[in-house]
Amino acid sequence: MLVKLKKEELEKYIDFAYEISLDLSKCCYPTYADGIKTKKDFIDIAKKSFEKENDEIYLFYHNDKLEGWINYYYIPEDQYFACETFSIDNHMDIALEEFFKHIEVDFKGYEFYFGCSIKNQVAIQFLERKGFEKIEESKVCLLKFDEYKIKEEAKNIRKIGKENYDDFRILHEPYDEEMYWDCNHILEDIDSWFIYALYENNVPVAAIYFVKSKLMLEIFGIDFKDDTYNVHHMECLMSKALNEGKNLGAKYLYYFTEDKDIDVLKRLGFQVFDTYVCYLKRI
């Protein structure tokens with residue numbers, strides 16, 4: 001059974017919810033099991049949900065016992081639906097079944113994204129039975145900037161802004177259909193982004209794009225000309241982003257990536273934290 005949480009009940013249940021969110025096998029991403037995000041962060045996000053028009057928090061009960069906490073949000077103009085927290089102590093599959101029934105009428109036509117650790121096998125098996133498509137499986141790599149030292153940068157890297165955005169568009173547009181942050185969405189909010197392109201013979205051959213939020217640097221991707229992966233280009237651009245993050249005062253960085261990047265990332269100081277999977281279904 002799902003019961004909507006009232007603002008005045010927050011303090012009563014927040015400790016319970018946070019404890020479950022420390023277990024990768026019982027929650028969705030973003031995770032609090034990384035030793036970086038704190039209980040205060042968890043509480044702040046929950047409190048802010050009551051201030052947002054398109055956020056909701058529900059408690060999950062099974063046989064009259066409190067078993068979980070679900071905090072979801074949605075973007076009507078994009079028909080985008082996802083969970084900020086989906087933490088279930090027991091009966092994850094039943095919670096997902098009830099939740100899906102709860103949202104399938106009001107959010108019909110929305111794209112529902114659910115990301116979690118590969119350790120959350122109960123959720124994964126439910127999603128696959130329900131017809132969700134696995135759209136991503138990535139290694140979760142983590143870097144702490146207090147252990148990072150500035151690297152020498154390649155000379156042929158340029159910052160991308162409105163005036164030379166077409167250079168980035170050439171590289172990023174082929175990926176537009178695969179992600180929310182397509183060329184137009186990024187351009188609309190370009191002042192929040194850091195975008196750097198690597199050039200050869202004055203032609204952009206790869207680009208990295210990221211944002212800084214509080215203490216965290218978040219890299220959304222590295223695009224390659226003609227979708228041709230180049231490990232040297234990847235290392236040059238990642239070093240540039242890390243140097244920028246260090247100068248900006250970032251404390252840590254998550255990077256979701258494939259196995260082919262792991263050796264480079266380890267050389268740069270990353271540690272492999274987890275394996276992340278993301279599923280998608282149109283409701």
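Please refer to the structure higher up on the page.
Our subject in this report is the structure included herewith.

**Focus: the overall build of the protein chain**
Along its length, the protein chain carries 8 helices and 12 strands. Whereas a compact globule of 283 residues would reach a radius of gyration of roughly 19 Å, the protein chain reaches 20 Å, a difference of no more than 12%. The 283 residues of the protein chain split such that 51% are buried. Taking all contacts inside the protein chain whose residues are at least 6 apart in sequence as the whole, residues at least 24 apart take part in 67%. When the accessible surface of the protein chain is split by element, carbon and sulfur atoms take 46% of a total near 14500 Å². Where the 38 positive side-chain charges of the protein chain centre and where its 56 negative ones centre are 5 Å apart.

**A closer look at the side chain of aspartate 34**
Looking at the element boundaries, aspartate 34 is found in the loop between α1 (10-20) and α2 (39-49). Exposure remark for aspartate 34: the relative accessible area of 8% places this residue in the buried category. Engagement of the side chain of aspartate 34 in a polar contact is seen with the backbone nitrogen of isoleucine 36, the distance being 2.7 Å. Apart from residues no more than four positions distant in its own chain, aspartate 34 is found in contact with Leu142, Tyr254 and Phe273.

**Examining the pattern of salt bridges**
Applying the stated criterion across every chain, the model contains 14 salt bridges. With a shortest N-O distance of 2.8 Å, lysine 40 and aspartate 44 are connected by a salt bridge. Of this pair, lysine 40 and aspartate 44 are both found in helix α2, 4 residues apart, which corresponds to roughly one turn of the helix. Of the residues examined, lysine 40 reaches a relative accessible area of 56% and is grouped as exposed. Overall, the relative accessible area of 22% leaves aspartate 44 in the partly exposed class. Close ionic contact of glutamate 258 with lysine 260 constitutes a salt bridge, the shortest N to O distance being 2.9 Å.

**Some remarks on the packing of aromatic side chains**
In total, this model carries 40 aromatic pairs according to the counting rule given. Judged by centre distance (6.4 Å) and plane angle (80°), the ring pair of tyrosine 74 and tyrosine 110 falls under edge-to-face. Of this pair, tyrosine 74 sits in strand β3 (residues 65-75) while tyrosine 110 sits in the loop between α3 (92-103) and β5 (111-117), and the two are 36 residues apart along the sequence. No difference in accessibility class separates tyrosine 74 from tyrosine 110, as the two residues are buried. In this structure an aromatic cluster arises from ring pairing among Tyr58, Tyr72, Tyr74, Phe81, Phe86, Phe99, Phe100, Phe107, Tyr110, Phe112, Phe114 and Phe132. Sitting over the face of the ring of tyrosine 199, arginine 158 holds its NZ or CZ atom 3.9 Å from the ring centroid.

**Observations concerning a negative patch on the surface**
A contiguous patch of negative charge, built from Glu177, Glu178, Asp226 and Asp227, is present on the exposed surface. Relative to the elements of secondary structure, glutamate 178 occurs in the loop between α5 (165-172) and α6 (183-188). A residue is classified by how much of its surface remains accessible, and glutamate 178, at 62% relative accessible area, is exposed.

**Side note on the pairing of strand β6 (residues 133-144)**
Pairing of β6 with strand β12 (residues 271-282) involves 9 bridges; the strand directions are antiparallel. Within the sheet, the bridge partner assigned to cysteine 141 lies in β12 and is valine 272. Two strands pair when backbone bridges link them, and β6 and strand β11 (residues 252-257) are joined in this way by 6 bridges, in the antiparallel orientation. Residue leucine 143 lies in a different strand from β11, and its bridge partner there is leucine 253.

The rules behind each value
- Residues numbered from 1 in each chain as written.
- Predicted model: local features only at pLDDT ≥ 70, side-chain atom pairs only at ≥ 80, totals over all residues.
- Heavy atoms only, no water.
- Helix = DSSP H or I, 4+ residues; strand = E, 2+ residues; numbered from the N terminus.
- Rg over C-alpha atoms; globule rule 2.2 N^0.38 Å.
- Buried < 20%, exposed > 50% of the residue type's maximum accessible area, 1.4 Å probe, protein only.
- Contact = heavy atoms within 4.5 Å.
- Areas by Shrake-Rupley, 256 points an atom, 1.4 Å probe, with all protein chains shown as cover.
- Lys, Arg positive; Asp, Glu negative; His and termini not counted.
- Charge placed at Lys NZ, Arg CZ, Asp CG, Glu CD.
- Polar contact = N/O pair within 3.5 Å; in protein donor to acceptor, adjacent residues only side chain to side chain.
- Salt bridge = Lys/Arg side-chain N within 4 Å of Asp/Glu carboxyl O.
- Phe/Tyr/Trp six-rings, centres within 6.5 Å; stacked < 30°, edge-to-face > 60°.
- Lys NZ or Arg CZ within 6 Å of the ring centre and 35° of its normal.
- Patch = residues over 30% accessible without salt bridge, like charges linked within 9 Å, V, L, I, M, F, W, Y side chains within 5 Å.
- Pairing = 2+ DSSP bridges.

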